[in-house]
Amino acid sequence: MTEFWLISAPGEKTCQQTWDTLMTATTRANNLSTNNKFNIPDLKVGTLDVLVGLSDELAKLDAFVESVVKKVAQYMTDVLEDSRDKVQENLLANGVDLVTYVTRFQWDMAKYPIKQSLKNISEIITKAITQIDNDLKARASAYNNLKGNLQNLERKNAGSLLTRSLADIVKKDDFVLDSEYLITMLVVVPKTNYNDWQRTYETLAEMVVPRSTNLLFEDQDSGLFTVTLFRKAIDDFRLKARENKFMLRDFQYNEEEMKADKEEMTRLSTDKKKQFGPLVRWLKVNFSEAFIAWIHIKALRVFVESVLRYGLPVNFQAMLLHPNKKNMKKLREVLNDLYKHLDSGAAAIIDQSAMDIPGLNLSQQEYYPYVYYKIDCNLLDFK
C-alpha cells in the first residue's frame, strides 16, 4: 500500500516530545503505522488574512498539481505501450522511488527559497506546473497524431484481403498492363472455395482468358487470386463471382502510389522512433519536477494549516504515517483519542459520523482535530 497520512500536532514542551508520544501510541504499543518525521523549514508566516486566503488557494493548487502528476504518469504508460514493467523505474522523484522521496522529504531551498513569502512560493509552483501541463498537451498531441497515422497505415497492411494494402503483395509481373482490351482483376476467394474457383472461374463470364489465374497471397481465411479477362466482361464477371462468394477487389496497379505508401510507412516509423527517446526523457524529468512540487505543496498546506489552527509562535511537529492496511480504522481511533483535546468541534463531528445519523453527511468530511492530508503514491490507473 502506498497511502501516507501527513499530519501535524502542536509541540508539547518540545516537538520531540510530540513525536515520542505519537511513536508510543502508534508503533511501540502496537503495529498501527510506520512513521517518519516530515521536515518543514521555518517559512515566512505573513499576516492572518494572507494565511486564510492561501489555505483555499493551496487546496486548489494541490488538486491541480496532483492531476498533472497523474497525467504525466499515465501518459508514460501510454508511450511505453508494451513495456509497462518499465513504467515504475521511470517514475522517480529526484532519482529515487516515490516512497523513498516522501519518507525522506527535504525542502528544496534552491527551487523554493524560504526567504520568499508563502504566496510567492505557491506562485513559483503554479507557473512551473502550468508550463509542464501545457507542454504535455502539445507533446502528447504531436506524438499521438504520429502514432495514429502509423497505426492507420499498419491496419491497412494487416486487415482482411478485401481492404488491406497490397503494396507488399503484388508485383508488376502479376498484371497485364497498358492493354486496350485485356485487364487483370484481383479476386478474394475463401479457402473453403478454392476448388470451386479453379473449376468455375473460366466460365463465370464470356471472354475470361483460360488458365490466367494465380494465387498471390493467403491469409488465415482467404486467398488473393489474379484472373485476366476482356474489359467488356468485367460487370458480368463481377456479378457471377459474387453469386459464388468470390469477391472482386477494386485495385489498379500504380507503382508510384504503392512506393509512396511504403515511403510514408518508413518515414512515420522512423519519426516515431526518433521522438520516443526524447519524449520518455521529457516525461521522466517533468514527472519528477511535478511530483516534487506536489509534495512541497503538501508541506506548505501543513505549515499554513498548523499556524492557523495552533497559533503563533510556530510550534508543531509534522509527521508522515504509513498506515498498516489492516489497522487503518484503529489508527484513526488512536489519533483521535490522542488529539481530540485540540478541537472539540472536530471530535464531535467524528463522534456523529461514527453514529451515522440519517440526513447528516458528516462522514464524507475529512476533518480531524489534528492537521491531516493524504498522499497516495499509487498514481497509475492501469486499465
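Everything below is about the structure shown above.
The notes below deal with the structure included here. Once a new chain begins, its residue numbering starts again from 1 and follows that chain's sequence as written. Selection of residues for local features in this predicted model requires a pLDDT of at least 70, selection of side-chain atom pairs for listing and counting requires 80 or more, and totals for whole chains, interfaces and linings are taken over all residues. Only hydrogens and water are set aside when side-chain values are computed; all heavy atoms of the structure are taken into account.

1. What to know about the pattern of salt bridges
Condition: The salt bridge criterion pairs a side-chain nitrogen of Lys or Arg with a carboxyl oxygen of Asp or Glu, the two atoms within 4 Å. Secondary structure counts use DSSP, requiring at least four H or I residues in a row for a helix and at least two E residues in a row for a strand, with both numbered from the N terminus. Only protein chains enter the accessibility calculation, which uses a 1.4 Å probe; a residue whose area is less than 20% of its type maximum is buried, one above 50% is exposed, and one in between is partly exposed.
The full count for this structure, using the stated rule, is 16 salt bridges. Linking Lys-119 and Glu-57 is a salt bridge whose minimum nitrogen-to-oxygen distance equals 2.8 Å. Note that Lys-119 is positioned in helix H5 (residues 118-158) and Glu-57 in helix H2 (residues 48-80), a separation of 62 residues in sequence. Judged by its relative accessible area of 32%, Lys-119 falls in the partly exposed class. With relative accessibility at 37%, the residue Glu-57 sits in the partly exposed group.

2. Concerning the nonpolar core
As a reminder, the rule being used: Definition used in this section: a nonpolar core is a set of buried Ala, Val, Leu, Ile, Met, Phe, Trp, Tyr and Cys residues joined via side-chain atoms within 4.5 Å. We call two residues in contact whenever any of their non-hydrogen atoms come within 4.5 Å of each other.
Core analysis: the largest hydrophobic core is formed by 81 residues, its most contacted members being Ile-7, Ile-125 and Phe-291. Tallying contributions element by element places helix H8 (residues 255-310) first for this core, with 19 residues. Once you skip the residues sitting within four places of it in the chain, Ile-125 turns out to touch Leu-61, Val-65, Tyr-112, Ala-293, His-296, Ile-297 and Leu-300. Ranked by size, the runner-up nonpolar core spans 19 residues in total, among them Val-187, Val-189, Ala-241 and Leu-248.

3. Considering the side chain of Ser-55
Relative to the elements of secondary structure, Ser-55 occurs in helix H2. Beyond its immediate chain neighbours, meaning those up to four positions away, Ser-55 contacts Val-304, Glu-305 and Leu-308.

4. Description of the sheet that holds strand E5 (residues 222-230)
Heads up, the condition is: We call two strands paired when DSSP finds no fewer than two bridges between them. Throughout, an axis means a line fitted to C-alpha atoms (over the contacting stretch in the case of helices), and angles, computed between N-to-C directions, take values from 0 to 180 degrees.
Taken in spatial order, the four strands of this open sheet run E4-E5-E3-E6, and their pairing is antiparallel. Edge positions in the sheet fall to strand E4 (214-218) and strand E6 (247-249), since each of these pairs with one other strand and no more. For this sheet, the mean angle separating the axes of adjacent strands, direction not counted, is 35 degrees. Sheet topology places strand E3 (residues 182-190) next to E6; three bridges connect them, and they run antiparallel. Counterpart to Val-187 in the pairing with E6 is Leu-248.

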